[in-house]
Amino acid sequence: PKKKSSKKTETHQPNMVAEELNEHKNNLKIWLFMILVATTFALYVNSCFNEYCLDDAMMITQNSITQKGFAGIVEHLNNDFLFGFRNSESADAASSRWRPLSLITFSIEIGLWGKNHPQYSHAVNLIFYVSIIVLLFLFLQTFILKNTWLSFFSALLFAIHPAHTEVVANIKGRDEMLCLLLLLAALHIFFSFVKSQKVWQMLMAMFFYFISLTAKENSITFLAGVPLLLYFFTENSMKKIALFLIPWIMTTILFLFIRNAIVPFAAAQPSDEVMNNPFLLMTSTEKLATKIFLLLAYLKMLFYPYPLTYDYSYNTFSPNHFADVSVLISIVVYATLAFISIWGLPRKNIFSFCILLFFITFSISTNLIIEIGMTMGERLLFMPSIFFCIAIVFLAKYFIEKMETQFHFNKMILVAILITPVFAASAYEIVNRNKDWKNDITLNIADVKKSPNSARVCNGTGSAYVLLTNDTTISNKTHDSLIALAIKYYQQAIDIHPIYDDPYLNMGVAYSRIGNFEQSEKLWNHVRQHAAHPKLIEYDKVLVEQFLKQGLVCGSRRSLDSAIFYLNKTTLYLHQQDSLYLECWYNIGGASFTASKYDKAM
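The written sequence of each chain sets the order in which its residues are numbered from 1. Per-residue local features of the predicted model are confined to residues with pLDDT of at least 70, and side-chain atom pairs are confined, for both listing and counting, to 80 or more; whole-chain, interface and lining totals are unaffected and use all residues. With hydrogens and water set aside, each side-chain value is computed from the structure's full complement of heavy atoms.

Peer 1: Mind showing me how you'd approach the overall build of the chain here?
Peer 2: Within the chain, the regular secondary structure consists of 26 helices and 0 strands. For the chain, the spread of C-alpha atoms along the principal axes amounts to about 130 × 50 × 50 Å. For every residue, the accessible area (1.4 Å probe, protein chains only) is compared with the maximum for its type, and the residue is labelled buried under 20%, exposed over 50%, or partly exposed between those bounds. Counting only residues that meet the buried cut, the chain has 50% of its 602 residues in that class. We call two residues in contact when some of their heavy atoms are within 4.5 Å. For the chain, long-range pairs separated by at least 24 residues make up 70% of all intrachain contacts whose partners lie at least 6 apart in sequence. Taking the 49 positively charged and 44 negatively charged side chains of the chain as two groups, their mean positions are separated by 11 Å. Numbering of helices and strands starts at the N terminus; helices are DSSP runs of H or I of at least 4 residues and strands are runs of E of at least 2. A residue counts as positive if it is Lys or Arg and as negative if it is Asp or Glu; His and the chain ends are not included. Positions of charges follow a simple convention, taking NZ of Lys, CZ of Arg, CG of Asp or CD of Glu.

Below, the structure written as structure tokens:
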């Protein structure tokens, strides 16, 4: 009996050890999940108290389809993503895109909670971001890095990267998050299919991939990314990798067919306005040099994400030339990265993988393949930054192992020394940047210090100061000081871009706030000379009402000539026959009769 007992113990002991190890790994994974969730939530929870800001107007508050709630869902599916904002079809490349998914989620939120509940939308954004972090960790740990700690620190570094604040804190950034979240789900299920060969997993993966494309087209880059993932992290032959790619190609073709049927590719035309076409005024050589320089600016943002600003449009960056040192440095840096990626490809080197996947996922946003209507944007780094974070973690691993081997430093102390300052600096920047994104006023006033050469930011800052005058509790002196600041920034925008309509229109509003309607009229007519801007009809009504009022005041004071002058000016801006139209002509008739101009009075 003792021998039997001894044999049983020997047989089951390895199983018991394996079970204990698995239990320990699972417990560790749960704790790491909790740390990732708690950290992400803590850094971004203050964004949940923010209001609508910036592009949220186009997607939500001023989007007629979104505002219909559940009734708008089908319309979002059948139109380009700015149709509800512009209320017309557009050939502008900036709006000729089919991205219904995030818009549908906004309509659902309005259907569930009603209008004007930005806090709920911010909370949903935070939930999506936390989900991305958790799914990224799970995907890396299960299929790619297959190392719990390396996967954890890669996901943590992604979670705390300050460049992601725009995507999370701006409700409109949900398109980026939904694209990545659904792509990660597709990749996780697809890699399960590669192991199990269960057809339902492949179909489910392709469903998630297709839906991710309807959020934003960036996931299309994984037509090149999936073969690399399979090459680096599985033992499949090139022939089998090619077969695994077929469902991805078929799903992409299906998406492009549907997308073209709803929003034809041929409709997209480059804008003739430099605010939406930043390379418009550059020569072909300047265009290429500037695009190469911007690649270096993106790398700088990854390593040192400060200062962050919502706008990098005209004239944040001056045109570059190939003789510029920054352009030459960019060429050398990216050529070196390309060499490392090619050198490491046959060796399945992790840095080769990170560089190649960064290039692939970032390629669609570089303006080198197709001009995207913007110079630069923090949100464009959202997906590519995953591979930057993985590379940084492996560089840190290499450094720690060297230090441990040569100097016998404690590994955990080295990890703490490296991660603590990075975490502290990132946390400080994220929490404060979330505050900047509270609303249009706080964002513009914060960012004009960082982007003083951006015409759009200067114009936005002027409008921020005008909005501050809506506070009825401020003194007249404060009111006039705010208007003076607004006019200063509008003028700064005009100095940067003299044919930019918005600052002229908005400066007219600022002057109207201090009763200088003659200056308002002059500014609005400046725009009228070369553009039939839709806002002019609204502003013309303001002029009519003001000139009518001035005419009546002059009439009551027996200043007949002045009364007739102002009343006649109202006729220049009358567009429709309504009660205001009738009142103006009635009073012109009365003033003409008093002046004995009976034919006119009649």
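Don't stop here, the text continues.
Peer 1: I'm lost on the nonpolar core in this one. Help?
Peer 2: One recurring pattern in soluble globular proteins is that nonpolar side chains are buried together. What we call a nonpolar core is a set of buried Ala, Val, Leu, Ile, Met, Phe, Trp, Tyr and Cys residues that are connected through their side-chain atoms within 4.5 Å. Within the largest apolar cluster, 111 residues are counted, with the highest numbers of intra-cluster contacts made by Ile144, Phe158, Phe190, Phe222, Trp248, Phe353 and Phe387. In terms of residues, this core owes the most to one element, helix α9 (residues 174-196), which gives 16 residues. Residues contacting tryptophan 248, with those up to four places away along its chain left out, are Leu183, Ala186, Leu187, Phe190, Met206, Tyr209, Leu223 and Val226. Counting residues in each nonpolar core, the second largest holds 50 residues, with Ala486, Tyr489, Ala493 and Ala563 among its members.

Peer 1: Would you mind going over a nonpolar patch on the surface with me for this structure?
Peer 2: Two joining distances apply to patches: 9 Å for like charges and 5 Å for nonpolar side chains (Val, Leu, Ile, Met, Phe, Trp, Tyr), and every residue must have over 30% relative accessible area and no salt bridge. A 1.4 Å probe and the Shrake-Rupley method give the accessible areas. Residues count as covered only by the protein chains that appear here. By definition, a salt bridge exists where a carboxyl oxygen of Asp or Glu is found within 4 Å of a side-chain nitrogen of Lys or Arg. Taken together, Leu288, Phe322, Leu328, Ile331, Leu368, Ile369 and Ile370 make up a surface patch of nonpolar side chains, about 630 Å² in accessible area. Locating leucine 368 in the fold gives a position in the loop between α15 (350-363) and α16 (385-407). On the basis of relative accessible area, leucine 368 is assigned to the partly exposed category, the value being 42%.

Peer 1: How do you make sense of the layout of surface pockets when you look at a structure like this?
Peer 2: Over the atoms rolls a probe the size of a water molecule, and its path tells where empty space is left. Detection works on a 1 Å grid of protein atoms alone, calling trapped sets that fit a 1.4 Å probe cavities and calling open sets with protein on both sides within 12 Å along at least five of seven lines pockets, with lining residues defined by an atom within 4 Å of a point. Grid points are joined across faces, edges and corners, and a volume is the space filled by probe spheres set on the points. Here the second largest pocket defines a volume of roughly 1000 Å³. Around the second largest pocket, the lining is made up of 31 residues, and of these Leu157, Ile392, Leu418, Ile419 and Val422 lie nearest the centre.

Peer 1: Can you walk me through the packing of helix α18 (residues 440-447) against helix α19 (residues 455-468) in this structure?
Peer 2: Axes are the key here: two packed helices are described by the angle between their axes and the distance separating the axes. All axes are obtained by fitting lines to C-alpha atoms, using only the stretch in contact for helices, and the reported angles, taken between N-to-C directions, cover 0 to 180 degrees. Packing of α18 against α19 brings their axes to within 8 Å, and their N-to-C directions diverge by 130°. By the angle between their directions, the pair α18 and α19 is classed as oblique. As α18 runs across α19, the sense of the crossing is left-handed. On α19, the residues that touch Asp440, Ile441, Asn444, Ile445 and Asp447 of α18 are Val457, Gly460, Thr461, Ala464, Tyr465, Leu467 and Leu468. Following the grouping adopted for this structure description, the nonpolar residues are Ala, Val, Leu, Ile, Met, Phe, Trp, Tyr, Cys and Pro, the charged ones are Asp, Glu, Lys and Arg, and the polar ones are all others, Gly among them. The residue inventory of the contact of α18 with α19, partitioned by class, reads 7 nonpolar, 3 polar and 2 charged. Here roughly perpendicular refers to angles of 65 to 115 degrees, roughly parallel to angles under 35, roughly antiparallel to angles over 145, and oblique to all remaining angles. A crossing counts as left-handed when the near helix is turned anticlockwise from the far one by less than a right angle, and as right-handed when that turn is clockwise.

Peer 1: Help me understand empty space enclosed by the protein in this model?
Peer 2: Applying the stated criterion across every chain, the model contains 3 cavities of 30 Å³ or more. Put simply, the largest cavity is a space of about 120 Å³. Around the largest cavity, the lining comprises 15 residues; the ones closest to its centre are Phe139, Leu184, Phe222, Ile386 and Phe387. At the level of secondary structure, the elements contributing two or more residues to the lining of the largest cavity comprise α6 (118-144), α9, α11 (222-233) and α16. If you add up the space inside the second largest cavity, you get close to 60 Å³. Forming the walls of the second largest cavity are Tyr52, Ile60, Phe106, Glu109, Ile110, Trp113, Gly114, His117 and Ser121. For the lining of the second largest cavity, the leading source of residues is helix α5 (residues 100-113), giving 4 residues. Across the lining of the second largest cavity, the residue classes tally to 5 nonpolar, 3 polar and 1 charged.

Peer 1: What is the right way to look at the side chain of glutamate 429 in this model?
Peer 2: Of note, glutamate 429 is situated in helix α17 (residues 411-436). One buried charged side chain, glutamate 429, makes no salt bridge at all; its nearest oppositely charged neighbour is lysine 450, positioned 5.3 Å away. Glutamate 429 has contacts with Pro162, Pro305, Tyr306 and Leu308, leaving out every residue within four places of it along the chain.

Peer 1: How should the pattern of salt bridges be read in this particular structure?
Peer 2: Two side chains with opposite charge may pair up if their charged atoms get near one another. Applying the stated criterion across every chain, the model contains 16 salt bridges. Residue aspartate 175 pairs with lysine 172 through a salt bridge whose shortest N-O separation is 3.3 Å. One salt-bridge network, held together by shared partners, links Arg433, Asp436, Asp447 and Lys450.

Peer 1: I would appreciate a short explanation of the packing of helix α21 (residues 501-513) against helix α23 (residues 535-556) in the present structure.
Peer 2: Axis separation between α21 and α23 bottoms out at 12 Å; the angle between their running directions is 20°. With respect to α23, the axis of α21 lies roughly parallel. Classified by chirality, the crossing of α23 by α21 is left-handed. Contacts between α21 and α23 involve Leu505, Asn506 and Val509 on the former and, on the latter, Lys535, Leu536 and Tyr539. Broken down by class, the residue content of the contact of α21 with α23 amounts to 4 nonpolar, 1 polar and 1 charged.

From the geometry alone we can't say anything about function, so treat these as descriptive.
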